[in-house]
Amino acid sequence: MLQKTACITVLSFLLAGTAASLPAITFAASPEAGLILQSKSRVVLPSWVKQLEQQASQSQSAADKVTLAQAYLQLARQPGWSRYFDKAQQLLKKAHSPYSAAYWLVLADTAQQQHQFEDALNYLAKAQQLQPDDINALLMKNRIYLVQNNTAAALAECKKLLGQQELFLLSLCSLEVAGRQGKTQDSYKALQLLARQQQTIPLAQQQWLIAVLAEQAEALRQPKQARVWLEQLLFAAQSELAPLPLWVKWADLTLKQDAALVYQKLQHLHQQQQLEDALLLRLALAEQQMAEGQEYQLLMQQRVSLREHRQDTLHSADLAHYYLRLTPDPEKALYYARLNVQQAQEPDDQLLFNLALAQSQQDNPPSVQTGEQP
C-alpha cells in the first residue's frame, strides 16, 4: 500500500471544519516519503503553505513549526505532494513542544500514517491530558480503531461527540461504524438523508461524507452509484484538493467500464506532478487495457523494484495489487496482501487478501487426498 496516507486501502486527509482541523481519514493509500525517482515540480506550492513557511521561518517558534507541519501533512494527502510527509516529520524533530496538545496530535497523525498505532494512541493520550475534550483526538482514535477493525471501540469514540453538540460529526462517525458492522443497508439510507440535509458544510467534511457514501454504496454492490458520489468531488471545482485515496477508489471503480477516462484523468495529474504508487499503478493498468504503450507500466516496475529493494512493508498493498493485477505473480501477490492485512483490516484490505488468496489457490490447487499409501 502506499505508506498509509495511505493506509489510502486505507485511502487519509485532514478534516477541517470545526474550530480546528480534524484528524486523518485513512483509506487504502499513503505518503511516498523518500521516493527518489525523476521528480516533477510544475505545480507551485500553495500560497497558504508559503505563508506558513514564511511565518515559521521568521518566528522560529515551536508553535509555528507545529502548525506548518500540520499543513505539510494536509498537503501530503493530495496527489503528487506525498513528499511533504517526510518534510513534516523532519520539521517536528525541531519543534518539540511537550505542553502543546497540537504537537502531540501531529505526532499521532504521522505515527498512525505509518501504522505505528500504539505510538499514535500514546501521543493522543498526551494530547487529551492537555485538552480532554479535543475533537481531533477522539476522531483520530476512531480512525485507528476502524483500521484495526475494532468497531466497538470506534463507536465509543463517536459517542463522545454527543456531549460536544457535534451532531453532524456524531451522525457521520456513527453511520460509518454501522456500515463496518454490517448494518450497511440502514446506514446508507441514513447517510443519504444526512447528505440532503447538509447543504453547506466545509469541504473536508464533505470529502469525508462522500467517502463513506461511496464505501457503503460499493458494499451494497452499487459500484456505479459509488462512482457517482466520488465524481461529485473529483470532477468539480477544487478537485485538486481531493485526497489521494478518493482518486484511487474512483480509478478502481471506473477501470472496467471506462479505462480511457481513467487514463485521461490520471495522466493529466501525472503531468502536473509525479504520482504516488497507488495512482501510478492505476494509470499503468489503464495504459495496459488500452494498449497505449508501456511508459507507465515500466515506471511502475521501477517503483516496485525500489520498494522491494527497501523491503518497504508500508507499501504492501500497492505491491499486492501490482502482482495481482498488472504483472501477475500469485505467490508474491499473496505474500504482500498478507503483510498488508496484518497492518490494516479495513474492507479493501480484507478484499485484497481474499482475492490474492483465491488467485494463489487457483494457481496451486490443493492435492486430492486418496488415502492410498505411497
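Residues numbered from 1 in each chain as written. Predicted model: local features only at pLDDT ≥ 70, side-chain atom pairs only at ≥ 80, totals over all residues. Heavy atoms only, no water.

1. Quick look at the environment of leucine 285
Using the following cut-off: In this text, helices come from DSSP runs of H or I with a minimum length of four residues, and strands from runs of E with a minimum of two, each type numbered from the N-terminal end. Each residue gets one of three labels from its accessible area relative to the maximum for its type: buried under 20%, exposed over 50%, partly exposed in between, using a 1.4 Å probe on protein chains only. Note on contacts: a residue pair is in contact if any heavy atoms of the two residues lie within 4.5 Å.
With respect to the helices and strands, leucine 285 occurs in helix H14 (residues 277–290). Judged by relative accessible area, leucine 285 falls into the buried class, the value being 4%. Along the chain, leucine 285 and alanine 251 lie 34 residues apart, while their C-alpha atoms are 9.8 Å from each other. Beyond its immediate sequence surroundings of up to four residues, leucine 285 is in contact with Leu255, Arg325 and Leu326.

2. Observations regarding the packing of aromatic side chains
Two aromatic rings are characterised by how far apart their centres lie and by the angle between their planes. Basically, it comes down to this: In this analysis, rings of Phe, Tyr and Trp, with Trp reduced to its six-membered ring, are considered paired at centre separations within 6.5 Å, and the interplanar angle assigns stacked below 30 degrees, edge-to-face beyond 60, and tilted for intermediate values. Definition used: whenever NZ (Lys) or CZ (Arg) falls within 6 Å of the ring centre and also within 35 degrees of the ring normal, the charge is taken to sit over that ring.
If you walk through the whole model with that rule in mind, you get 10 aromatic pairs. Centre to centre, the rings of tyrosine 322 and tyrosine 323 are 5.0 Å apart; their planes meet at 80°, and the pair counts as edge-to-face. An identical accessibility class is assigned to tyrosine 322 and tyrosine 323; each is buried. Ring geometry for tyrosine 335 against tyrosine 336: centres 4.9 Å apart, planes inclined by 75°, an arrangement best described as edge-to-face. Looking at tyrosine 335, the relative accessible area reads 47%, which means it is partly exposed. Judged by relative accessible area, which is 12%, tyrosine 336 ranks as buried. Site record: aromatic cluster; members linked through ring pairs are Tyr322, Tyr323, Tyr335 and Tyr336. The side chain of lysine 126 reaches across the aromatic face of tryptophan 104, ending 5.3 Å from its centre. Over the ring of phenylalanine 235 we find lysine 265; its NZ or CZ atom is 4.3 Å from the centre of that ring.

3. Looking at the pattern of salt bridges
For clarity, the cut-off: A carboxyl oxygen of Asp or Glu within 4 Å of a side-chain nitrogen of Lys or Arg is what we treat as a salt bridge.
One pass over the structure, following the stated rule, counts 16 salt bridges. Glutamate 215 is the partner of arginine 180 in a salt bridge, and the nearest nitrogen-oxygen pair spans 2.8 Å. Note that arginine 180 is positioned in helix H8 (residues 167–180) and glutamate 215 in helix H10 (residues 203–219), a separation of 35 residues in sequence. Each member of the pair, arginine 180 as well as glutamate 215, carries the same accessibility label: buried. Across the salt bridge formed by arginine 227 and glutamate 231, the nearest N and O atoms sit 2.8 Å from each other. With a gap of four residues between them, arginine 227 and glutamate 231 both fall in helix H11 (residues 223–234), about one helical turn apart. Judged by its relative accessible area of 17%, arginine 227 is buried. A single salt-bridge network, built from bridges that share partners, covers Arg143, Glu176, Arg180, Glu215 and Glu346.

4. Comments concerning the state of the cysteines
Here is the rule: By definition, disulfides here are pairs of cysteine sulfur atoms that lie within 2.5 Å.
Counted by the stated rule, this structure contains one disulfide. Disulfide pairing is shown between cysteine 158 and cysteine 173; the S-S distance is 2.0 Å. On the S-S bond that ties cysteine 158 to cysteine 173, the torsion sits near -70°, and the link is left-handed. Here cysteine 173 lies in helix H8 and cysteine 158 lies in helix H7 (residues 151–159), a separation of 15 residues in the sequence. Assessed through its relative accessible area of 0%, cysteine 158 is described here as buried.

5. Here's the deal with helix H18 (residues 347–363)
Applicable threshold: One less than the number of residues in a helix, times 1.5 Å, gives the span that helix is expected to have. Taking the helix axis as origin, the arc is that swept by the directions to the C-beta atoms.
Its 17 residues give H18 an end-to-end C-alpha distance of 24 Å, which sits within 8% of 24 Å, the value for a rise of 1.5 Å per residue. Residues Asp349, Leu352, Phe353, Ala356 and Ser360 constitute the buried set of H18. On an axial view of H18, the arc spanned by its buried residues comes to 95°, and they lie on one face. On the buried face of H18, the contacting elements are helix H16 (316–326) and helix H17 (330–343).

6. Observations concerning helix H15 (residues 295–310)
Helix length check: H15, at 16 residues, gives a terminal C-alpha distance of 23 Å against a target of 22 Å (1.5 Å per residue), a fit within 8%. Residues Tyr296, Gln297, Leu299, Met300, Arg303, Val304, Leu306 and Arg307 constitute the buried set of H15. For H15, the elements touching its buried residues are helix H13 (259–272), H14 and H16.

Purely spatial values, then, with no claim about function.
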